[in-house]
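# A closer look at the structure
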Amino acid sequence: MDSNDRTKQLLYDQFIRFLHVYENHKDTEIEHFLSIAQRESMDKIPQHLTAVHMIDCIGKHEPINNTGIAEAMNLSKASITKIGNKLLEEGFVKRTKMNDNKKESYFRLSPQGKKIFELHERLHVLEAERFYRSLDKYSEPELKIIHQFLQDSSMDMESR
């Protein structure tokens, strides 16, 4: 195996390791979110990360209907309806009608939902800052190569 092939093998091995670490991180992300929410004395908290992300989507785009949420989150309308009904039942969102369209329902956040949205936003800001700090050791040309690699990898995965 030549040097170029060995380097590709090392990159592949590291990429697979990254995917495993990321998968483990995703499994604990809701637990981390729940522990922070409890520390902040939030008594009612969605128990699933997808529900938290739906609250985030609604908070960023309200008022928004099922179709808009489904498109933004890349989920089926049936999934959005199911999660939306649960969030409605738990008091995190409100369903409203627009004056010009009495037929279609739109979601807005309740005061409880806004607390979840704000906490989620704060955590994302902290994660972004941590990520940026991890990139500080790279030069601008290296960052461009990393960006191109991630972009190419994403497109490759999406095309499968």
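Let me sum up the structure you'll find in this document. (Residues numbered from 1 in each chain as written. Predicted model: local features only at pLDDT ≥ 70, side-chain atom pairs only at ≥ 80, totals over all residues. Heavy atoms only, no water.)

As a packed pair, helix H2 (residues 49-61) and helix H4 (residues 77-90) sit with axes 10 Å apart at the nearest point and diverge in direction by 85°. Taken together, the axes of H2 and H4 are roughly perpendicular relative to one another. Residues Thr50, Ala51, Met54 and Ile55 of H2 pack against Ile80, Ile83, Gly84 and Leu87 of H4. Residues of the contact of H2 with H4, tallied by class, amount to 6 nonpolar, 2 polar and no charged. (Axes fitted to C-alpha atoms, helices over the stretch in contact; angles between N-to-C directions. Helix = DSSP H or I, 4+ residues; strand = E, 2+ residues; numbered from the N terminus. Parallel < 35°, antiparallel > 145°, perpendicular 65-115°, else oblique. Contact = heavy atoms within 4.5 Å. Nonpolar A, V, L, I, M, F, W, Y, C, P; charged D, E, K, R; others polar.)

A few words now on the nonpolar core. Proteins that are soluble and globular tend to have nonpolar side chains buried together. Within the largest apolar cluster, 29 residues are counted, with the highest numbers of intra-cluster contacts made by Phe33, Met54, Ile58, Ile69, Leu87 and Ile116. Setting aside residues no more than four positions away along its own chain, methionine 54 makes contact with Ile69, Met73, Ile80, Ile83, Gly84, Leu87 and Phe107. (Core = buried A, V, L, I, M, F, W, Y, C linked by side-chain atoms within 4.5 Å. Buried < 20%, exposed > 50% of the residue type's maximum accessible area, 1.4 Å probe, protein only.)

Further remarks concern the side chain of aspartate 56. Tracing the backbone through its elements, the reader meets aspartate 56 in helix H2. A relative accessible area of 10% means that aspartate 56 is categorised as buried. With residues up to four places along the chain from it excluded, the contact list for aspartate 56 reads Phe117, His120 and Glu121.

A cluster of nonpolar side chains, contributed by Phe18, Leu19, Tyr22 and Met157, occupies part of the molecular surface with about 390 Å² of accessible area. At 3 residues, helix H1 (residues 3-39) tops the list of elements feeding residues into the nonpolar patch. (Patch = residues over 30% accessible without salt bridge, like charges linked within 9 Å, V, L, I, M, F, W, Y side chains within 5 Å. Areas by Shrake-Rupley, 256 points an atom, 1.4 Å probe, with all protein chains shown as cover. Salt bridge = Lys/Arg side-chain N within 4 Å of Asp/Glu carboxyl O.)

Worth remembering: the numbers are spatial, not functional.
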